[in-house]
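Single-letter residue listing:
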Amino acid sequence: MNNIFTIFKKELTSYIKSPMAYIVAASFYTVTGFFFIASVSDAFSEASIRGFLAGAVFFLIFLSPALTMRLIAEEQKLGTMELLMTSPLKEHEIVIGKFFASFAIVLFMLLGTLFYPIILLIFGVPDLGPIFTGYLGLILYSSSTLSIGIFASSLSSNQLVSLVVGSGILTLLTFIDFVSERVTGFLGTILNELQLGGSFSVFDTSSFGIAEKGHFADFARGIISIYDIVFYLSISIIFLLSTILILETRRWR
Amino acid sequence: MIKISNMSKYYGDYPAVLDVSFSIEKGETVGLLGPNGAGKSTTMKVMTGYTPPTNGKVTVGGYDIVDKSFEARKQIGYLPENVPLYLDMTVKEYLHFMASIRGMKEGISKRADEVIDITGLETYRDVIIGKLSKGYRQRTGIAQSIIHKPKILIMDEPTIGIDPVQVVETRKLIQSLGGEHTLILSSHILPEVTTICKRVLVIHDGKIVADDTPNNLSNRLQSTQVCEVSITENNDVNFINLLRGQDYVVDVRSKFDNNNEHKSYIIETSSNIGAEEKIAKLIVDNNIGLHKLNSLPLTLEEIFLQLTSE
């Protein structure tokens, strides 16, 4: 536990000192701001954060790996992994410490977006239920995207490779409905279940954030489904475990 | 402290270290000597638990490096070859971090100040490591390896890539550490190992070819001695034939030299007979102009050649 905290603290300090976290936060606010404004600025529009959720879910595909690409790849590149691995540290302590540091940054980033519901409360009468579940979903969703990002970071010592692979996996899991819709039977069901984010029609201003499919859909509608919670937690755990496994097997090569 | 028996390490099919056995007692200072790619770093990586051996058994401080890796790793302070540092941390932050991941819980600040004093980093305490020169980065690396007062100190090529003044200082620093720790360092520079270490393990092609004190090793090796002379040729005398006529000369070869004024020769003689004096006298007696005469230390390649052809 102590070791996890030591790694966590080190990564968090590193995030605060380096420009990447600020760049990611700035782009996140810019993009989600656009989506939020676009979704509520029409006449008679709905006082909801669905526009924001649509933008957030979509752009975390790129922003999460940007945040996590450094975490393990850089240790490999600098050779500091050798120091970590020859210290009395367990692989899972390294990975979990790093994961929670990136998670803390995202939570902090989401804290800033509470600005949007506050605007809704001032100028309208929003339904607070879906706002709450939206945020809950977003927190769970980002834990999945971050753990996929960390997994990608452990694959090579090149941060750019981590970014591309991480975004690649996330993009695939987001747009998997293009494939799953055209596959029938058992395989189709499995592919359908793998849909990570909602199938938001992000570029269609008339149906902002109206998610029909994917594990985020219920959260956006205001439903807390244990099934979706378990899905996101499983994805996080599976990818974190794979990362730990990669670090362990790297010793044996 | 460290016991290695029949250890091999393969990278794929390539054997980096092959069936190596040795043991190191408490308080010894041991140098691993060998050219690049001989298997020094690999041996160290196995000893520190970074990578497990393919075959054989390695125990560190009584703990098996594979089965009881955690306990074994606690005994070790390690400075890897490329001196890995977090470039965005200050020296102090880095030392604090390293101390806590190495399992120190109390007195980290006090110990960090101590190590900063030992390594002479006082003025750079709060400087970001990325801004330090290579020599000071090296010191920071050494500082992190001793911060948790390890019983065993393992340093991989600790003086590589720093300027000569810093090399001398770093060697002194390492020498002073030898007293309190069991010290193992690797190098491809013979004098470095002989000044710091009381025992030398020579590694070549993944095998240990010699295990001795530096003195014994050099006595054993220097059955012959090599010197280089540079002369102004006297046309009446064939210098090479003259030298070959002497009983103490083993071999003479002419050295290609751009300088036409003087000609250079490499002369191999039997050792411990004052060959330089004899050659000098010979040259003067034959009215040859002596320009330069110096004895050459054995190069590492020659040492390995001798050790491996024994």
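All residue numbers here refer to positions counted from 1 along the written sequence of the relevant chain. Both sets of labels track the order of writing: A upward for chains, 1 upward for ligands. Local features are withheld for residues below a pLDDT of 70 in this predicted model, meaning they are given only at 70 or higher, and side-chain atom pairs are given and counted only at 80 or more; totals for whole chains, interfaces and linings count all residues.

Draft legend 1. Inspection of the overall build of chain B at higher detail. The secondary structure listing takes helices from DSSP runs of H or I that are at least 4 residues long and strands from runs of E that are at least 2 residues long, numbered from the N terminus. Regarding its fold elements, chain B presents 11 helices and 14 strands. For chain B, the C-alpha atoms occupy an extent of roughly 80 × 45 × 35 Å along the three principal directions. Looking at chain B as a whole, 38% of its 310 residues are labelled buried. Relative to all contacts within chain B whose residues are 6 or more apart in sequence, the contacts with residues 24 or more apart total 66%. Three exposure classes are used, based on other C-beta atoms lying within 10 Å of a residue's own C-beta, which is placed from the backbone: buried for 20 or more, exposed for 12 or fewer, and partly exposed in between. Placing a C-beta atom from the backbone of each residue, one calls two residues in contact when those atoms lie within 7 Å.

Draft legend 2. Quick peek at the interface of chain A and chain B. With 19 residues of chain A at the contact, the number on the chain B side is 20 residues. At the level of elements, helix H1 (2-17), helix H4 (80-85) and helix H12 (226-252) of chain A are the ones that each hand at least two residues to the side of chain A that touches chain B. Polar here means any residue other than Ala, Val, Leu, Ile, Met, Phe, Trp, Tyr, Cys and Pro, which are nonpolar, and Asp, Glu, Lys and Arg, which are charged; Gly is therefore polar. Of the residues in the side of chain A that touches chain B, the class split is 7 nonpolar, 8 polar and 4 charged.

Draft legend 3. View of the nonpolar core. Counting 131 residues, the largest nonpolar core has Leu95 and Ile154 of chain B as the members making the most contacts within it. Among the elements that take part in this core, helix H3 (residues 50-78) of chain A stands out by supplying 15 residues, more than any other. Here Ile154 of chain B is in contact with Met44, Met47, Thr48, Ile76, Tyr78 and Ile184 of chain B, once residues within four sequence places are set aside. Residues Ile267, Ala275, Ile279 and Ile283 of chain B belong to the second largest nonpolar core, which totals 5 residues. A set of buried residues drawn from Ala, Val, Leu, Ile, Met, Phe, Trp, Tyr and Cys, joined through C-beta atoms within 7 Å, is what defines a nonpolar core.

Draft legend 4. Here's a closer look at the sheet that holds strand E3 (residues 29-33) of chain B. Residue and element names in this part refer to chain B. The pairing criterion for strands is at least two bridges between them, as found by DSSP. The strand order E6-E7-E8-E3-E9-E10 describes an open sheet built from 6 strands, whose pairing is mixed. Both outer strands of the open sheet, strand E6 (76-79) and strand E10 (207-212), are each paired with one neighbouring strand and no more. Between one strand axis and the next, the sheet turns by 15° as a mean value, whatever way the strands run. Sheet topology places strand E7 (residues 152-156) next to strand E8 (residues 182-187); 5 bridges connect them, and they run parallel. Across the sheet, Ile154 pairs through a bridge with Ile184, a residue of E8. Think of each axis as a best-fit line through the C-alpha atoms, taken over the contacting stretch in the case of a helix, with angles from 0 to 180 degrees between the N-to-C directions. Where helix H1 (residues 40-47) meets the sheet, it contacts E3, E7, E8 and strand E9 (199-204), and its direction lies at approximately 150° from that of E7. Across the sheet, helix H6 (residues 164-178) touches E3, E7 and E8, and the angle it forms with E8 is around 150°.

Draft legend 5. Expanded view of the confidence of the model for chain B. All names here are of chain B. In this model, chain B carries an average pLDDT of 85, and 92% of its residues clear a pLDDT of 70 or more. A residue's pLDDT is the confidence the predictor assigns to it, expressed on a 0 to 100 scale. Element-level mean pLDDT values for chain B span from 66 in helix H11 (residues 300-309) up to 94 in helix H3 (residues 91-101). The complex model carries a pTM of 0.84, and its ipTM stands at 0.87.

Draft legend 6. Looking closely at H1 of chain B. Within H1 of chain B, 8 of the 8 residues are buried, leaving the element largely enclosed by the surrounding structure. Here H1 of chain B has its buried residues at Lys40, Ser41, Thr42, Thr43, Met44, Lys45, Val46 and Met47 of chain B.

Draft legend 7. Spatial organisation of the pairing of strand E2 (residues 14-24) of chain B. Residues and elements named next belong to chain B. With 7 bridges connecting them, strand E1 (residues 2-11) and E2 associate as antiparallel partners. Residue pairing for E2: Met7 is matched across the bridge by Val20. If you look at the hairpin formed by E1 and E2, you'll find 2 residues sitting between the two strands, and Gly12 has a positive phi there, around 65°.

Draft legend 8. Region of interest: the confidence of the model for chain A. Confidence in the prediction of chain A, expressed as mean pLDDT, is 88, and 94% of residues score 70 or more. Ranking the elements of chain A by mean pLDDT puts helix H9 (residues 177-180) of chain A last, at 79, and helix H5 (residues 91-112) of chain A first, at 96.

Draft legend 9. Structural view of H1 of chain A. For H1 of chain A, spanning 16 residues, the distance from its first C-alpha to its last is 23 Å, which sits close to the expected 22 Å at 1.5 Å a residue. When we look at burial in H1 of chain A, the residues that qualify are Asn3, Ile7, Phe8, Lys10, Glu11 and Tyr15 of chain A. Within H1 of chain A, the buried residues cover an arc of 165° as seen down the axis, which keeps them to one side. Structural note: H1 of chain A exposes Asn2, Ile16 and Lys17 of chain A on the side pointing more than 90 degrees away from its buried face. Packing partners of the buried residues in H1 of chain A comprise helix H2 (19-40), H3 and H5 of chain A together with H3 of chain B. Here a helix's expected span is defined as the number of its residues, less one, multiplied by 1.5 Å. What the arc measures is the spread of directions leading from the helix axis to the C-beta atoms.

Draft legend 10. Focus on the domain arrangement of chain B. An automatic or database domain assignment supplies the start and end points of every domain. Here chain B is described as being made up of domain 1 (2-220) and domain 2 (222-309). Taken over C-alpha atoms, the centre of domain 1 of chain B sits 40 Å from the centre of domain 2 of chain B.

Draft legend 11. Main features of unusual backbone geometry. Residue and element names in this part refer to chain B. Despite not being glycine, Asn6 shows a phi value in the positive range, around 50°. Along the chain, Asn6 turns up in strand E1. The class for Asn6 is partly exposed, based on 13 C-beta atoms found within 10 Å. Not every positive phi belongs to a glycine, and Val83 is a case in point at roughly 50°.

Draft legend 12. Layout of the packing of H5 of chain A against H12 of chain A. Residues and elements named next belong to chain A. It is the contact of H5 with H12, at a shortest axis distance of 9 Å, that shows an interaxial angle of 135°. By the angle between their directions, the pair H5 and H12 is classed as oblique. In this structure, H5 meets H12 at a crossing whose hand is right-handed. Two secondary-structure elements touch here, H5 through Glu91, His92, Ile94, Val95 and Phe99 and H12 through Leu240, Thr243, Ile244, Leu247 and Glu248. Residues that form the contact of H5 with H12 fall into these classes: 6 nonpolar, 2 polar and 2 charged. Any angle between 65 and 115 degrees counts as roughly perpendicular, while under 35 counts as roughly parallel, over 145 as roughly antiparallel, and the rest as oblique. A clockwise turn of the near helix away from the far one marks a right-handed crossing, whereas an anticlockwise turn of less than a right angle marks a left-handed crossing.

Draft legend 13. Geometry of the packing of H3 of chain B against helix H5 (residues 134-146) of chain B. Residues and elements named next belong to chain B. The N-to-C vectors of H3 and H5 enclose an angle of 30°; their axes lie 9 Å apart at closest approach. By the angle between their axes, H3 is roughly parallel relative to H5. Judged by the twist between their axes, the crossing of H3 over H5 is right-handed. Counted together, Val91, Tyr94, Leu95 and Met98 of H3 and Thr140, Ala143 and Gln144 of H5 form the full contact between these two elements. Its residues assigned to classes, the contact of H3 with H5 comprises 5 nonpolar, 2 polar and no charged.

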